[in-house]
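Working through the structure, step by step
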Amino acid sequence: MAFHTHTLPNGLTLIGETIPTALSASFGFYVRTGSRDEIGAENGVSHFLEHMMFKGTARRTALEVNLDFDRIGADYNASTSEETTCYFATVLPEYLPTAIDILADIMRPSLREQDFDTEKQVILEEIKMYEDSPASMVWDRAKTHYFGDHPLGQSILGPSAGIAALSRGQMQDYFSRRYAPNNVVAVVCGAVDWDAVVACVEKQCGHWSGPTAARSDVRDHRPTPGVHLIPHAAATQENVLMLSRGAAAESPLRYAGALLATAVGDDSGSRIYWELVDPGLVENAGCMVDRAEGTGLFVATLTGDPEATGKNLKHLQRIFDEVQRDGITEDELTQAKNKVMSRIVRANERPKGRLHSLAGAWLYNREQGQADTEIARFDAVTTTDIRSYLDEYPIDKLTITAYGPLTTLVIDTLP
Amino acid sequence: MAEIVQHHTYANGLTLLTQAMPHVRSATFALHLPAGLCRETPDQRGVGTLLAESIVRGAGNYGSKQLSVALDNLGVDRSESIGLFNLSLAAGTLGRNVPAALKLYADVVRRPHLPEGELEAAKELMLLDLAGLEDSPQEKVMLELKRRIYPEPFGRNQYGTPETIDRVTIDHVRAFYATHLRPHGAIFSVAGAIDPDEIRALVGELFGDWSGTELPDPLEEAFAPTSVHLEKETQQTQVALAVPSAPFTDVDYYAARGVVGVLSGGMSSRLFTEVREKRGLCYSVSAGHDTANRRGALVCYAGTRIERAQETLDVMLAELRRLTDGVAVEELDRLKTSLKTALVMQQESTGARAAAMAGDWFHLKRVRSLDEIVSAVNAIDDAAIQRYLERFPIRNPTVVTLGPTPLTIPV
């Protein structure tokens, strides 16, 4: 496996990893933009634009974009997060030049008015779909409560009314501001000829231009702990999210944070698993970490019988208090490492999985994202590092958001 | 392309399928045991799910927690699940850890403790999952559809009912285990960085002296499919519908897959184009194929705002009926390229290979080669699709809707 980089005169960077033994090839454009980069009334535009990118170009209608992807049997998709919007496809190696041609073409979309109006209806359907899913709703609300006026608190889908009012002009402005070549990284991996990909990307993307794009607000965030109850009578279960400050994407402590979350709240064999899931006290409960540029989150989730929520939260708070005070044991750390390292190997075996790892490592840290490097870093974490993480990012100071049938919530030990 | 699937059926009826995959470090194994939902007696619905919940709570010389720690330390990501025909234990880990993990699984399969003290916890989890289903309208509508298009016991799902879950005792769970966990009909499927000869010898050592005879096939009850509307205050109406199709074992199975590809194979497929791209009626619309026992089904789904649900259903049905007008060569070429690409990519995934081998063996008692599948896919043409549609016409669909108001189902 060999890692390569190339930067075009217009600022677009191409990175890649050639895996001669792979049977497929993956390619994607990763744009450093998302809901955190939206201003005021344009909230939701990143995600809406992601849909519109498939709606045609100077060379292709919307139907032709879909037909061309399907003609080469591409496994293709796109996604929008708070800070990255990406467009990617996995194909058999002989179709890679065509895949790059289509992906590069749709990165310069026409944004036609009629397509905009039709797709707006699809976005409004997507918002309604998530409104029927309490597990999704609680995420949106919890981020708002945790982040307050920090841009990471903005919803990815945006509010229905805001989407309904959004104009094509606003979308065009956002595109011009954010999709500048210097703000895009092209990533390739698998059974590919690097020099041929460089030539292909230069030909397809060399003419892109645009003002230099940057992200201005990357401050850390200090949340105010507290409890937010959002009654929603149509839900059956109570969905609760507990957020506390975590390591940012560029922090060396992120490895300790991920192992801590695994030891405390992995979906099997963790402290929370044994104390709450195994005894049948909750439908689901666990921990994870979420990283962003400049700040991060330590996340705990709880889904279960509304009536038992207060008791279960008290139970979780006790676990967090204990871990905050005493850390985790050597055995727990070893076990977490064994799980995480096995998962890294498996997630990185296919070009389709490698693509996102490569993109993430480059976008955040200008690193090569080699699986073995990541494994070595996890392996090097000690219980002392876990202590340093806990001192910097206490996990017992929680911003709690509960979404479900409850109209009152009493937790004996309030944070 | 290197593709060496080996199969071995031991004297006791257990079948082992292996595929060594070059260039990967991981492996996936899945143990499919003939203790599926179709074996539950009607008054003990849920006993199989409770067995799947209980079977890893201690085995052999390991207590529940010790077993979990041992598997974690081998980097095993695992799942226990129950389907219509099989209780399945699946594990993904590094290839070099497979032998040690298999030894632990021999205890799980043959010497589980099935502790009485933990049955209540397993029941509580089941009841919580059942309650949680109310918050997943899409899953709920699909489960209700399957319950209505297949005869008992083949339309079942893993949730059970509160009444029957309450009734199940640890003796029922142990009896279900003793009756149905047996080597005859069990399929072990292993793919990845493994040595097939080593695995074959090890499985022989661990399971060779396991005994038990073949179980009789469960019988179908008489039934007639019926449509229904489930009333619920939701933002979207869920629409699910099905018509009979060719099962996996049928000569027209590939034509059935062709129909699904034309309807839902990519973003240029007919349902996506007509329902979402042209009319903006929904975010999610799809068609799929399902097999249960000797029956197949063509299943379609969409979720859409209440005032647009009738139009969505009408457009979906119109697209199904339009199939008899013919399918273009260009459409077929697209779906063939996509099916063949998916086959090649499957060869990069240990989990996908383990699942595909086991699925083939379960239905066909053999594993199809890539060449066989590719030539069958190449043979799909409009004539084959029209022959299929004559055998399985788009008529009298079973429709299940969920939302505030019912829809009109055209006859």
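Computed from a predicted structure; not experimentally measured.

With respect to the overall build of chain B
Check the secondary structure of chain B and you find 15 helices and eleven strands. The C-alpha atoms of chain B give a radius of gyration of 22 Å, which matches the 22 Å a tight globule of 411 residues would have. Referenced to the eigenvectors of the C-alpha coordinate spread, the extents of chain B come out at roughly 60 × 50 × 35 Å. Residues counted as buried form 59% of the 411 residues belonging to chain B. Intrachain contacts of chain B at a sequence separation of at least 6 include 82% that bridge at least 24 residues. Each charge class in chain B can be summarised by its mean position, and for the 42 positive and 52 negative side chains these summaries are 2 Å apart.

Details of the sheet that holds strand S2 (residues 15–20) of chain B
Note on sheets: strands pair through backbone hydrogen bonds, and any given pair is parallel or antiparallel. All names here are of chain B. The strand order across the open sheet built from six strands is S1-S2-S6-S3-S5-S4, with neighbouring strands paired in mixed fashion. Edge positions in the sheet fall to strand S1 (5–9) and strand S4 (77–82), since each has one partner strand and no second. Across the sheet, the mean angle separating the axes of adjacent strands is 10° when strand polarity is ignored. Two strands pair when backbone bridges link them, and strand S3 (residues 26–33) and strand S5 (residues 87–94) are joined in this way by eight bridges, in the antiparallel orientation. Looking at the pairing, Ser 26 lines up with Leu 94 of S5. Here helix H8 (residues 196–207) sits on the sheet in contact with S1, S2 and strand S6 (187–192), set at roughly 155° to S2. Against the sheet, helix H13 (residues 350–364) makes contact with S1, S2, S3 and S6, and its axis sits at roughly 150° relative to S6, the strand it touches most.

Structural notes on the domain arrangement of chain B
Residue and element names in this part refer to chain B. Split by domain assignment, chain B resolves into domain 1 (5–207) and domain 2 (228–403). The distance between the C-alpha centroids of domain 1 and domain 2 comes to 28 Å. Taken together, the 35 residues of domain 1 in the interface contact 32 residues of domain 2. Carbon and sulfur atoms make up 75% of the surface buried where domain 1 meets domain 2, a total of about 2900 Å² over both sides. On the domain 1 side of the interface with domain 2, the three residues burying the most area are Val 141, Leu 145 and Tyr 150, jointly 19% of the side's total. At the junction of domain 1 with domain 2, the criterion picks out two salt bridges. Taking the shortest distance from any N to any O, the salt bridge between Lys 232 and Glu 134 comes out at 3.8 Å. Across the contact surface, domain 1 and domain 2 share eight residue pairs in polar contact (both at pLDDT 80 or more). Those elements that place two or more of their residues in the side of domain 1 that touches domain 2 are S1, S2, S3, helix H5 (137–149) and S6.

Side note on the pattern of salt bridges
Two side chains of opposite charge can pair, provided their charged atoms sit close to one another. Taken as a whole and assessed by the stated rule, the structure comprises 66 salt bridges over all chains. A salt bridge links Glu 330 of chain B to Arg 334 of chain B, with the shortest nitrogen-to-oxygen separation between them at 2.5 Å. Of this pair, Glu 330 of chain B and Arg 334 of chain B both sit in helix H12 (residues 329–346), four residues apart, roughly one helical turn. Ionic contacts of the salt-bridge type, sharing partners, join the residues Arg 59, Arg 60, Asp 68, Arg 71, Asp 101 and Asp 105 of chain A together with Glu 330 and Arg 334 of chain B into one network.

Section: the domain arrangement of chain A
All names here are of chain A. You can read the domains of chain A as domain 1 (2–205) and domain 2 (226–404). Listed by partner, the interface residues are 38 residues for domain 1 and 35 residues for domain 2. Roughly 3100 Å² is buried in total at the junction of domain 1 and domain 2, and carbon and sulfur atoms are behind 70% of that figure. A per-residue breakdown of the area domain 1 buries against domain 2 is headed by Phe 3, Trp 139 and Tyr 146, which together make up 20% of the total. Our enumeration of links across domain 1 and domain 2 arrives at two salt bridges. One salt bridge connects Asp 75 with Lys 352, and the closest N-O pair in it is separated by 2.8 Å. At the boundary of domain 1 and domain 2, one finds ten residue pairs in polar contact (both at pLDDT 80 or more). Sorting the residues of the side of domain 1 that touches domain 2 by element identifies strand S1 (2–7), strand S2 (13–18), strand S3 (25–31), strand S5 (85–91), helix H5 (134–147) and strand S6 (184–190) as the ones contributing at least two each. Split by residue class, the side of domain 1 that touches domain 2 holds 21 nonpolar, nine polar and eight charged.

Observations regarding the interface of chain B and chain A
Put simply, an interface is often sized by how much accessible area is lost when its parts join up. Contacts between the two partners involve 63 residues from chain B, matched on the other side by 62 residues from chain A. Here chain B meets chain A over a buried area of about 5200 Å², counting both sides, of which 54% is carbon and sulfur. Sorting the residues of chain B by area buried against chain A places Asp 135, Tyr 283 and Glu 348 of chain B first, and these three jointly supply 13% of that buried surface. Between Arg 276 of chain B and Glu 119 of chain A there is a salt bridge, with its nearest N and O atoms 3.6 Å apart. The interface formed by chain B and chain A contains 33 residue pairs in polar contact (both at pLDDT 80 or more). The residue inventory of the side of chain B that touches chain A, partitioned by class, reads 15 nonpolar, 26 polar and 22 charged.

As for unusual backbone geometry
Residue and element names in this part refer to chain B. Along the chain, Glu 152 connects to Pro 153 via a cis peptide bond; the corresponding omega equals 0°. Positive phi values are uncommon outside glycine, yet Leu 114 reaches one of about 45°. Of the residues examined, Leu 114 reaches a relative accessible area of 2% and is grouped as buried. The residue Asn 293 is not glycine, and still its phi comes out positive at about 55°. By the secondary structure assignment, Asn 293 is in the loop between strand S9 (284–292) and strand S10 (295–305). On the accessibility criterion, Asn 293 (17% relative accessible area) is buried.

A few points about the side chain of Thr 13 of chain A
All names here are of chain A. Relative to the helices and strands, Thr 13 resides in strand S2. Here Thr 13 falls in the buried class, since its relative accessible area comes to 10%. Apart from residues lying up to four places away in sequence, Thr 13 is in contact with His 6, Thr 7, Val 184, Val 185, Ala 186 and Trp 362.

Digging into the environment of Val 277 of chain A
Here Val 277 of chain A shows up in helix H10 (residues 271–277). Between the alpha carbons of Val 277 of chain A and Thr 373 of chain A there is a distance of 34 Å; along the sequence they are 96 residues apart. Apart from the residues within four sequence positions on either side, Val 277 of chain A is in contact with Ile 272, Val 282 and Ala 285 of chain A together with Leu 125 of chain B.

Remarks on the nonpolar core
Here is a general trend for soluble globular proteins: nonpolar side chains tend to be buried in one another's company. Of all hydrophobic cores here, the largest spans 100 residues; its most connected members are Phe 27, Phe 29 and Phe 69 of chain A. No other element matches the eight residues that helix H9 (residues 253–264) of chain B contributes to this core. The residues touching Phe 69 of chain A, leaving out its near neighbours within four places in the chain, are Phe 54, Ala 74, Tyr 76, Ala 89, Ile 102, Leu 103 and Ile 106 of chain A. Residues Ala 27, Ala 35, Val 47 and Tyr 105 of chain B belong to the second largest nonpolar core, which totals 52 residues.

Observations regarding the packing of helix H2 (residues 62–71) of chain A against H12 of chain B
Where H2 of chain A meets H12 of chain B, the axes come as close as 8 Å, and the angle between the chain directions of the two elements is 55°. By the criterion of interaxial angle, the relationship of H2 of chain A to H12 of chain B is oblique. Between H2 of chain A and H12 of chain B, the residues in contact are Leu 67, Asp 70 and Arg 71 of chain A and Glu 330, Arg 334 and Thr 337 of chain B, respectively. Taken together, the residues of the contact of H2 of chain A with H12 of chain B break down into one nonpolar, one polar and four charged.

Some words on the packing of helix H1 (residues 47–54) of chain B against helix H4 (residues 119–133) of chain B
Residue and element names in this part refer to chain B. Across the interface, H1 lies against H4 with an axial gap of 10 Å and an inter-helix angle of 120°. As for how H1 packs across H4, the hand of that crossing is right-handed. Residue-level inspection shows Thr 49, Leu 50, Glu 53 and Ser 54 of H1 in contact with H4, the latter providing Leu 119, Ala 122, Lys 123, Leu 125 and Met 126. Split into classes, the residues belonging to the contact of H1 with H4 amount to five nonpolar, two polar and two charged.

Describing the packing of aromatic side chains
Residue and element names in this part refer to chain A. With the rule as written, the count across this model stands at 20 aromatic pairs over all chains. Between the aromatic rings of Phe 69 and Tyr 76, the centroid separation amounts to 4.1 Å while the plane-to-plane angle is 10°, which identifies the pairing as stacked. Using a relative accessible area of 0% as the deciding quantity, one classes Phe 69 as buried. Given the relative accessible area of 11%, Tyr 76 is considered buried.

With respect to the environment of Thr 324 of chain B
Residue and element names in this part refer to chain B. Relative to the elements of secondary structure, Thr 324 occurs in the loop between helix H11 (309–321) and H12. Distance from Thr 324 to Gln 386, taken between C-alpha atoms, is 6.4 Å for residues 62 residues apart in sequence. Setting aside its immediate chain neighbours within four residues, Thr 324 contacts Gln 386 and Leu 389. In this structure the side chain of Thr 324 is engaged in a polar contact, spanning 3.0 Å, whose partner is the backbone oxygen of Arg 321.

Definitions and cut-offs
- Residues numbered from 1 in each chain as written.
- Chains lettered and ligands numbered in written order.
- Predicted model: local features only at pLDDT ≥ 70, side-chain atom pairs only at ≥ 80, totals over all residues.
- Heavy atoms only, no water.
- Helix = DSSP H or I, 4+ residues; strand = E, 2+ residues; numbered from the N terminus.
- Rg over C-alpha atoms; globule rule 2.2 N^0.38 Å.
- Buried < 20%, exposed > 50% of the residue type's maximum accessible area, 1.4 Å probe, protein only.
- Contact = heavy atoms within 4.5 Å.
- Lys, Arg positive; Asp, Glu negative; His and termini not counted.
- Charge placed at Lys NZ, Arg CZ, Asp CG, Glu CD.
- Pairing = 2+ DSSP bridges.
- Axes fitted to C-alpha atoms, helices over the stretch in contact; angles between N-to-C directions.
- Domains from an automatic or database assignment.
- Buried area = accessible area lost by both parts, 1.4 Å probe.
- Salt bridge = Lys/Arg side-chain N within 4 Å of Asp/Glu carboxyl O.
- Polar contact = N/O pair within 3.5 Å; in protein donor to acceptor, adjacent residues only side chain to side chain.
- Nonpolar A, V, L, I, M, F, W, Y, C, P; charged D, E, K, R; others polar.
- Core = buried A, V, L, I, M, F, W, Y, C linked by side-chain atoms within 4.5 Å.
- Parallel < 35°, antiparallel > 145°, perpendicular 65-115°, else oblique.
- Left-handed = near helix turned anticlockwise from the far one by under 90°.
- Phe/Tyr/Trp six-rings, centres within 6.5 Å; stacked < 30°, edge-to-face > 60°.

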